[in-house]
Amino acid sequence: MKLRSFRLALLTAISLFLAACQTTQQPDPASRITVIEGATVIDGVSDAPIEDAILVIEGDTIRNVGRRGTIEVPENAARINATGKTIMPGLFNLHGHIGMAEGMVRGWENNNPERILRDANIYLYYGVMHALSLGIDHDPMIAAQADQRAGRAGGARLYSAGTGFAAKDGWRPEGVAGINRPTTPEEAREMVQREAAKPADAIKIWVDDRLGELPKISMELCEAIIDEAHKHGLKVFVHIFYLEDAKELMRLGVDVIAHSVRDAEIDEEYIQLAREAGITQLATLVGHSANIVYVQGADFLDDPGLPLLFPASVLETVGSKEYQQRLAENLSERSGYRTSETAVKNTEKVVAAGIPIAVGTDSSGSGRFQGLWEHREMELLVKAGLTPMQAIRAATINAARVLGVDDRYGTIEPGKVADLIVLNADPLADITNSRKIDSLWMDGELVDRAALTSSDVASQ
Ligand SMILES: [Zn+2]
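Residues numbered from 1 in each chain as written. Predicted model: local features only at pLDDT ≥ 70, side-chain atom pairs only at ≥ 80, totals over all residues. Heavy atoms only, no water.

## A look at a negative patch on the surface
Under the convention used in this document: Patch criteria: residues need more than 30% relative accessible area and no salt bridge. Like-charged residues are merged within 9 Å; nonpolar side chains of Val, Leu, Ile, Met, Phe, Trp and Tyr are merged within 5 Å. We get accessible surface area from the Shrake-Rupley algorithm with a probe of 1.4 Å; when it comes to residues, only the shown protein chains can shield them. Salt bridge, as applied in this entry: a Lys or Arg side-chain nitrogen positioned within 4 Å of an Asp or Glu carboxyl oxygen. Charge counting treats Lys and Arg as positive and Asp and Glu as negative, with His and both chain ends excluded. Note that the charge is assigned to NZ on lysines, CZ on arginines, CG on aspartates and CD on glutamates. Where helices and strands are cited, they refer to DSSP runs of H or I of at least four residues and of E of at least two residues respectively, numbered from the N terminus.
A surface patch of negative charge is lined by E186, E190, E220 and E223. Secondary-structure elements contributing two or more residues to the negative patch are helix 4 (185–197) and helix 5 (219–231). Structurally, E190 can be placed in helix 4.

If you want it as structure tokens, here you go:
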């Protein structure tokens, strides 16, 4: 991002100089035209990719895209040959906890604007260009969002569900400051109004008793929260565990089921309610199996990005026998294996029924590697029955629709913002090729990926 702001400063300096010379030839970055030619483009809309494509970018906007020969190439354009590459839209994550990790410690007390913006850079390194932080944010997030909107900071565009809603003394546990714990519907509505005024981009509710250990928020309170959120144009995301809770929340008009149902296999009634409510499902398969993969041997620890972005101590810990043993003990205590298997089965059913799926991973650092996790979620979604094309849509246009930004982002179409991932291999042939990033474009500018890795890894 340093490069982008440097460029902007340089262009400003040049235009000021030229204005001083009273020339009429002022360069205007908004009309600079770039043509990327010869790549295969997965536009996020068409069923098949566009082979040998011409992609015309003017300023930060996609002006045209199509097969060579069908698109006019402007004469004054800078031309980039991308033969052999595949281009897809920038990715989204609808469930992260951003700026919470310090080494292996993940917690609200670590949260500050610097860590939030560090995570935004890590997401962007992997091509995740939009990230929604789901429910434990305070002033540091508002400060980080303000920095981004004023152009003082870059990285993945940050969205926030403010501070979420939970039962008094319930999950999320006490210790996470500022969680809204209403006791009456009136109080719940006032709290939603406060979140809307922040302004939060969405509302989050935790509906979970941690296998009977803690109180769970009542449906009466959820009804008030959902109704008030909708009055403010905010979508409601619910963390659920139980089938019956998910059904009841869909009857109340919830918008997004974050996490899969994990206590039982979903049935025809669930599918029917999901259709009627028009929900989007976040499967969060990578989140549910986060601990299991370390026990079973994590095959992603050789990812070349990890040592550039995360401290060596974190990589050493998650690769160690001691860590795996500790997780294995916890997993059998909390029947983690079974609930993860149930989540996969339920995702298969949701996919088969055609309920829209969007990528939300619960990535948050400290072993739940933001950026890489979103690519792994696509991989697990393909294993659960999505085609690679559907998995890419789950990570792009489906998520953009949930955030209400699909008029500008989520596909490669004329009029959309030029947010592109240029790949060295075809993700439709093998979804893990989505990680083979050659380069990234954001707002029509080439991203300096190397600068994203220099966000002081040692201080994490
Ligand atoms: Zn979460």
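## What to know about the sheet that holds strand 14 (residues 280–282)
The line we're drawing: DSSP-based pairing: two strands are paired if at least 2 bridges between them are found. Residue contacts are counted whenever heavy atoms from the two residues lie within 4.5 Å of one another. Note on definitions: angles span 0 to 180 degrees between N-to-C directions of axes, and those axes are lines fitted to C-alpha atoms, for helices only across the stretch in contact.
Pairing in this open sheet of 5 strands is parallel, and the strands run 11-12-13-14-15 from one edge to the other. Each edge of the sheet is formed by a strand with only one pairing partner; in this case those strands are strand 11 (203–207) and strand 15 (357–358). As judged from the 2 bridges shared by strand 14 and strand 15, these two strands associate in the parallel manner. When the bridges of strand 15 are listed, L282 appears paired with A358. Of the strands in this sheet, strand 11 and strand 12 (236–240) touch helix 5, which is tilted by about 170° from strand 11.

## As for the domain arrangement of the protein
Interfaces are often sized by the accessible area lost when the parts come together. Just so we agree on the cut-off: Where each domain starts and ends comes from a domain assignment, either automatic or drawn from a database. Defined here as a combined quantity, buried area equals the accessible surface (1.4 Å probe) lost by two parts on assembly, summed across both.
When its domains are assigned, the protein resolves into domain 1 (32–88 + 412–452) and domain 2 (91–403). For domain 1 and domain 2, the distance between their C-alpha centroids amounts to 29 Å. Counting residues at the interface gives 26 residues for domain 1, matched by 26 residues for domain 2. Taking both sides of the interface into account, the surface hidden between domain 1 and domain 2 amounts to around 2100 Å²; carbon and sulfur atoms contribute 67%. Considering only the side of domain 1, the residues that lose the most area to domain 2 are I431, R435 and L452, jointly responsible for 33% of the buried surface there.

## A closer look at the nonpolar core
Rule in force here: As used here, the term nonpolar core means buried Ala, Val, Leu, Ile, Met, Phe, Trp, Tyr and Cys residues forming a set that is joined through side-chain atoms within 4.5 Å. Note on classification: 1.4 Å probe, protein chains only; a residue is buried when its accessible area is under 20% of the maximum for its type, exposed when over 50%, partly exposed between these limits.
Within the largest apolar cluster, 95 residues are counted, with the highest numbers of intra-cluster contacts made by I205, V238, V254, I257, Y270, Y294 and F369. Ranked by residues supplied to this core, first place goes to helix 2 (residues 113–125) with 7 residues. Each residue touching V238, except ones within four places of it in the same chain, is listed here: I205, V207, L249, V254, V256, I257 and A258.

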